[in-house]
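Inside the fold
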Amino acid sequence: DPANLPELCDGERCLDEALVESSRSLLRDANGNLVLVLHQLGNHGPAYFRRYPAGFRHFTPTCDDEDLSKCSREQIANSYDNALLYTDHVLARSIDLLKELASRYDTALLYVSDHGESLGENGLYLHGLPYAIAPAEQTRVPMMMWLSSGFAARNRVDPACLRTQADKPATHDNLYHTVLGLLDVRTSVRDDALDLTAPCRS
């Protein structure tokens, strides 16, 4: 409820950290297995300046307008980079919360962006070009995984092996099969060849 998080919500919108804070009670009261999907606003444009609090206005000058034509490329990139800093913070807070729960639960986090953003490269901004012609800035996105030591041990995943896999190319196609593999969900649609953790499970 946004009313319970006035420091993160202003009546129109909530910052992404509200997802973490509002998940606390749900995670603390969980019984059995739980998969929680959090859908962030992240760096979704054009209002990059609305995606982070004032304390994360590190790169300046910023573009503080939804009409990107009123801003320089530098201002747009600075606002985007500030939103990236904030996303890093939200991910760190998410991991901190999972660490707090480690004495009761084996926890893991898998993060992936749905798309990238063009920030003026070749005169392009935002996202949404058809995949066949979209530039790499719109199609190459970050993916990260964090496993508690308990989760890794119980699921026989070797974290050192995962680190060696991190530089290998992956796609959104890997996401679902990796989640199914991490949860050991047996289904005919699961393809271990697309599970990023499969080579690192004993």
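Provided above is the structure to which this section pertains.
Residues numbered from 1 in each chain as written. Predicted model: local features only at pLDDT ≥ 70, side-chain atom pairs only at ≥ 80, totals over all residues. Heavy atoms only, no water.

Moving on, we come to the packing of helix α1 (residues 17–28) against helix α2 (residues 73–100). Interaxial distance between α1 and α2 falls to 9 Å at its minimum, and their mutual angle equals 10°. The angle between α1 and α2 places the two elements in the roughly parallel class. Relative to α2, the crossing made by α1 is right-handed. When α1 is examined against α2, the residues E17, V20, E21, R24, L27 and R28 are found in contact with a partner set consisting of Y86, H89, V90, R93, S94, L97 and E100. Among the residues forming the contact of α1 with α2, the class breakdown is five nonpolar, two polar and six charged. (Axes fitted to C-alpha atoms, helices over the stretch in contact; angles between N-to-C directions. Helix = DSSP H or I, 4+ residues; strand = E, 2+ residues; numbered from the N terminus. Parallel < 35°, antiparallel > 145°, perpendicular 65-115°, else oblique. Left-handed = near helix turned anticlockwise from the far one by under 90°. Contact = heavy atoms within 4.5 Å. Nonpolar A, V, L, I, M, F, W, Y, C, P; charged D, E, K, R; others polar.)

As a further point, take the packing of aromatic side chains. Given two aromatic rings, one states the distance between the centres and the angle between the planes to describe the pair. Summed over all chains, the structure comprises two aromatic pairs. Arranged with centres 5.1 Å apart and planes meeting at 70°, the rings of F56 and Y86 form a pair that is edge-to-face. Here F56 is found in the loop between α1 and α2, whereas its partner Y86 is found in helix α2, with 30 residues between them in sequence. (Phe/Tyr/Trp six-rings, centres within 6.5 Å; stacked < 30°, edge-to-face > 60°.)

Counting residues in each nonpolar core, the largest one holds 17 residues, and the members touching the most others are L8 and Y86. For this core, the secondary-structure elements that each account for two or more residues are α1 and α2. The greatest single-element share of this core, amounting to four residues, is contributed by α2. When sequence neighbours within four positions are dropped, the list of residues in contact with L8 reads R13, C14, L15, E17, A18, E21 and Y86. Listed in part, the eight residues of the second largest apolar core include F151, V157, L162 and L182. (Core = buried A, V, L, I, M, F, W, Y, C linked by side-chain atoms within 4.5 Å. Buried < 20%, exposed > 50% of the residue type's maximum accessible area, 1.4 Å probe, protein only.)

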